[in-house]
Amino acid sequence: KPLGPYTPVVRAGDFIFVSGQGGMLDGAIVPGGVAAETDQTMRNLAMQLASVGASLSDVVKTTCFLTDMEDFARFNERYAAAFDGHRPARSCVAVQALPAGLLVEVEAVAYKPAK
């Protein structure tokens, strides 16, 4: 469920836009720090993509937000594992804070031709 007034995933022709996903499960942040949050974030991103017939392999661009760049290496490890060799274009920026106290947020653009 979104934390604000937005749609989690939108198809626009052959492109799919996924709003920022965080490491939440059943309305609560998963315990375990940035690694656990990143794993859950990527599962949530994959779930949103699946809801419109796409997958992580269809992602062409992500924008990643971290509240602490000291977490960059741990984040990269888990992010790369989720993409399993696929490497979309990416931006990663530090932010002062994220909704609900999240440490990580990832938004994505995917390309999957509509049938």
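Let me begin by describing the structure that accompanies this report. (Residues numbered from 1 in each chain as written. Predicted model: local features only at pLDDT ≥ 70, side-chain atom pairs only at ≥ 80, totals over all residues. Heavy atoms only, no water.)

### What to know about the state of the cysteines
Working step 1: Counted by the stated rule, this structure contains zero disulfides.
Working step 2: Between Cys64, a cysteine without a disulfide, and Cys92, which holds the nearest cysteine sulfur, the sulfur-to-sulfur distance is 5.1 Å. (Disulfide = S-S within 2.5 Å.)

### Some words on the side chain of Glu105
Working step 1: Secondary-structure assignment places Glu105 in strand 7 (residues 104-111).
Working step 2: Summary of buried charges: Glu105 has no salt-bridge partner, and the nearest side chain of opposite charge, Lys61, is 12 Å away.
Working step 3: In contact with Glu105, other than residues within four places in its own chain, are Gly20, Gln21, Thr63, Cys64, Phe65, Leu98 and Pro99. (Helix = DSSP H or I, 4+ residues; strand = E, 2+ residues; numbered from the N terminus. Buried < 20%, exposed > 50% of the residue type's maximum accessible area, 1.4 Å probe, protein only. Lys, Arg positive; Asp, Glu negative; His and termini not counted. Salt bridge = Lys/Arg side-chain N within 4 Å of Asp/Glu carboxyl O. Contact = heavy atoms within 4.5 Å.)

### Describing the sheet that holds strand 1 (residues 9-12)
Working step 1: Read across the open sheet, the five strands follow the order 1-2-7-5-6; overall the sheet is mixed. Each edge of the open sheet is held by one strand with a lone partner, namely strand 1 and strand 6 (89-94). Between one strand axis and the next, the sheet turns by 10 degrees as a mean value, whatever way the strands run.
Working step 2: By the bridge criterion, seven bridges tie strand 5 (residues 59-66) to strand 7 in an arrangement that is antiparallel. What sits directly across from Leu66, in strand 7, is Val104.
Working step 3: Along the sheet face, helix 1 (residues 33-50) touches strand 1, strand 2 (15-22), strand 5 and strand 7 and points at about 150 degrees away from the line of strand 2.
Working step 4: Against the sheet, helix 2 (residues 72-83) makes contact with strand 5, strand 6 and strand 7, and its axis sits at roughly 155 degrees relative to strand 5, the strand it touches most. (Pairing = 2+ DSSP bridges. Axes fitted to C-alpha atoms, helices over the stretch in contact; angles between N-to-C directions.)

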